[in-house]
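# Inside the fold
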Amino acid sequence: MTRPVTIALDAMGGDHGPAIVIPGAALTLERRPDARFVVFGDEGEVLPLLDQHPALKAVTTFHHTEVSVKMDDKPSQALRYGRYKSSMWRAIDATKTGEADVTVSAGNTGALMAMSKFCLKSMPEVDRPAIACLWPTVRGESVVLDVGATIGADARHLVDLAVMGAAMARVIFDLDRPTVGLLNVGVEEIKGVEAVKEAGRILRELNLPHLSYHGFVEGDDLGKGTVDVVVTEGFTGNIALKTAEGTARQISSYLKAAMGRSLMAKIGYLFARGAFAALKDKMDPRKVNGGVFLGLEGIVIKSHGGTDAVGFASATELGYEMARENLMAKVREMVAASARQEASARQEASAQQEAAARSAAAH
């Protein structure tokens, strides 16, 4: 994509609405000067904030909306009263119509997914979309999905997740063949539920050209960065994500308490504050904020609802990169290739079975 990237923003989404969205967009513009914005929200709240950021205002198209989706709304409620007219819906629709290249919202996750599926539709080969996020590791970062879009998964869905996650890893990490692992209770092939074992068998046999199937990985492999892409279903993935976020806050709290416990601890902190600052930066969840909705006919990014401007900027910049590097084309290419290869494998297996049957009948 050589032209500027246009980002549609749901200004009313999240716990803090425009007070976070607009400053976050301004931070994005500082780092991505060719970004352009289409903002949807209440003019009484949004326009005064845009006036405070003249550079952002100059590259922004604003649309007034009187309806916003609440954080505690059920998806069905949001669809019923917010379809076609809420700031969330219109931001998604901007991507559908081509007014924008990507949509970013910090709003209600369930409502955002429901509206995105209703407005953008799923890709033909994908049964259910997923939410993929970047996960900090000792090696750098990994892509983890699904972290909460759908509960439960059969083998076919897990294979779809592997393919879509690998496509995202190719964009983010600039890899030709990202490594992919299935999250399991052990690395042995005999362990785990049938859906995970069957998905592993399919991925091994397909040997897809754009991903390298590593095998099963365990929970501690998430932090190690054993593979580029970790695949699991939404229930387990969301629990893992929330556990990691909580653990990061817990460790930060422990360190802060320990450093102020005594005079010697305070003196020690003065000598080691550079290392602690680096650790704090590495563990900052705002730096990896933003979940990508994969499997839709358009790019939608979900920001954490309680984040600040720095975190929202991270989500917006993630959307920028996904659009800039043409994520949709790579996902379509890999999903279609996987479907063709799997169909070919089924035809070959069927032909072998027919040949064996004819041979048995002849004897």
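This text gives an overview of the structure that appears in the document. (Residues numbered from 1 in each chain as written. Predicted model: local features only at pLDDT ≥ 70, side-chain atom pairs only at ≥ 80, totals over all residues. Heavy atoms only, no water.)

## What to know about the overall build of the protein
Broken down by element type, the protein carries 13 helices and 11 strands. In the protein, buried positions account for 47% of the 363 residues. Relative to all contacts within the protein whose residues are 6 or more apart in sequence, the contacts with residues 24 or more apart total 73%. Of the accessible surface of the protein, which amounts to about 17000 Å², a share of 55% is contributed by carbon and sulfur atoms. (Helix = DSSP H or I, 4+ residues; strand = E, 2+ residues; numbered from the N terminus. Buried < 20%, exposed > 50% of the residue type's maximum accessible area, 1.4 Å probe, protein only. Contact = heavy atoms within 4.5 Å. Areas by Shrake-Rupley, 256 points an atom, 1.4 Å probe, with all protein chains shown as cover.)

## Re helix H6 (residues 109-120)
The terminal C-alpha atoms of H6, which comprises 12 residues, lie 16 Å apart, in line with the 16 Å expected from a rise of 1.5 Å per residue. All of the buried residues in H6 are Ala-111, Leu-112, Met-113, Ala-114, Met-115, Ser-116, Cys-119 and Leu-120. Contacts from the buried residues of H6 go to helix H4 (75-82), helix H5 (87-97), strand S4 (102-105), strand S5 (130-137), strand S10 (291-294) and strand S11 (300-302). Backbone nitrogen of Gly-110 and a side-chain oxygen of the N-cap are separated by 3.0 Å at the start of H6; the cap is Asn-108. (Expected span 1.5 Å × (residues − 1). Polar contact = N/O pair within 3.5 Å; in protein donor to acceptor, adjacent residues only side chain to side chain.)

## As for the pattern of salt bridges
Taken as a whole and assessed by the stated rule, the structure comprises 13 salt bridges. We note a salt bridge from Arg-32 to Glu-321, for which the minimum N-O separation is 3.1 Å. Of this pair, Arg-32 sits in the loop between helix H1 (18-31) and strand S2 (35-41) while Glu-321 sits in helix H12 (residues 309-324), and the two are 289 residues apart along the sequence. We classify Arg-32 as partly exposed; its relative accessible area is 22%. Of the residues examined, Glu-321 reaches a relative accessible area of 25% and is grouped as partly exposed. (Salt bridge = Lys/Arg side-chain N within 4 Å of Asp/Glu carboxyl O.)

## Details of helix H8 (residues 194-206)
Its 13 residues place the ends of H8 18 Å apart at the C-alpha level, agreeing with the 18 Å of an ideal helix rising 1.5 Å per residue. Buried within H8 we find Val-196, Ala-199, Gly-200, Ile-202, Leu-203 and Leu-206. Down the axis of H8, the smallest arc covering the buried residues is 165 degrees, so these residues share one side. Among the exposed residues of H8, those oriented more than 90 degrees off its buried face are Glu-194 and Glu-205. Downstream of H8 by one or two residues, Asn-207 has phi in the positive range, about 50 degrees. (Arc of directions from axis to C-beta.)

## Describing the side chain of Glu-233
Among the secondary structure elements, Glu-233 is positioned in the loop between strand S9 (229-231) and helix H10 (234-259). No salt bridge is formed by the buried Glu-233; the nearest opposite charge belongs to Arg-128, separated by 7.5 Å. A polar side-chain atom of Glu-233 sits 2.9 Å from the main-chain amide nitrogen of Phe-235. Those residues in contact with Glu-233 that sit more than four places away from it in its chain are Asp-146, Thr-150, Ile-151, Gly-152, Ala-153 and Leu-158. (Lys, Arg positive; Asp, Glu negative; His and termini not counted.)

## Concerning the side chain of Asp-101
Structurally, Asp-101 is set in the loop between H5 and S4. For Asp-101, a relative accessible area of 13% gives the class buried. Among the polar contacts made by the side chain of Asp-101, one reaches the main-chain amide nitrogen of Thr-6 at a distance of 2.7 Å.

## Some words on the packing of aromatic side chains
Two aromatic rings, taken as a pair, are described by how far apart their centres are and by the angle between their planes. Enumeration over the complete set of coordinates arrives at two aromatic pairs. Seen from their ring centres, Tyr-84 and Trp-89 are 5.0 Å apart, and the 70 degrees between their planes marks the pair as edge-to-face. Relative accessible area serves as the criterion here: at 5%, Trp-89 is assigned to the buried category. Among the aromatic residues, ring-to-ring pairing joins Tyr-84, Trp-89 and Phe-118 into one connected group. Stacked on the ring of Phe-118, the Lys or Arg Arg-83 has its end atom at 4.4 Å from the ring centre. (Phe/Tyr/Trp six-rings, centres within 6.5 Å; stacked < 30°, edge-to-face > 60°. Lys NZ or Arg CZ within 6 Å of the ring centre and 35° of its normal.)

## Some remarks on the packing of H1 against helix H2 (residues 43-51)
How two helices pack is summed up by the angle between their axes together with the distance between the axes. H2 packs onto H1 with a crossing angle of 35 degrees between their chain directions and a minimal axis gap of 10 Å. Judged by the twist between their axes, the crossing of H1 over H2 is right-handed. Within the contact between the two elements, H1 uses Pro-18, Ala-19 and Ile-22 and H2 uses Glu-45, Val-46, Leu-49 and Leu-50. (Axes fitted to C-alpha atoms, helices over the stretch in contact; angles between N-to-C directions. Left-handed = near helix turned anticlockwise from the far one by under 90°.)

## Some details on unusual backbone geometry
Residue Asp-146 is bonded to the preceding Leu-145 through a cis peptide linkage, with omega at 5 degrees. If you trace the backbone, Asp-146 turns up in the loop between strand S6 (140-145) and helix H7 (155-173). Although it is not a glycine, Tyr-84 adopts a positive phi angle of roughly 75 degrees. Within the secondary structure, Tyr-84 sits in the loop between H4 and H5.

## Quick word on the pairing of S5
When you tally the buried positions in S5, you get seven out of eight residues, the bulk of the element. Pairing analysis gives six bridges linking S5 to S6, with the strands arranged antiparallel. By the bridge assignment for S6, Ala-132 is matched with Leu-145. Between S5 and S6, which pair antiparallel in sequence order, lie two residues. (Pairing = 2+ DSSP bridges.)

## A few points about the pairing of strand S1 (residues 5-10)
Within S1, six of the six residues are buried, which leaves the element mostly enclosed by the surrounding structure. Side chains of S1 alternate between two faces, with Val-5, Ile-7 and Leu-9 and Thr-6, Ala-8 and Asp-10 buried alike. The sheet contact formed by S1 and S2 spans six bridges and is parallel. The residue of S2 that forms the bridge with Asp-10 is Phe-40. With respect to chirality, the unit in which S1 leads through H1 into the neighbouring parallel S2 is right-handed. Where S1 meets S4, four bridges bridge the pair, whose relative direction is parallel. Counterpart to Ile-7 in the pairing with S4 is Val-102. (Right-handed = clockwise from strand over helix to strand, strands pointing away.)

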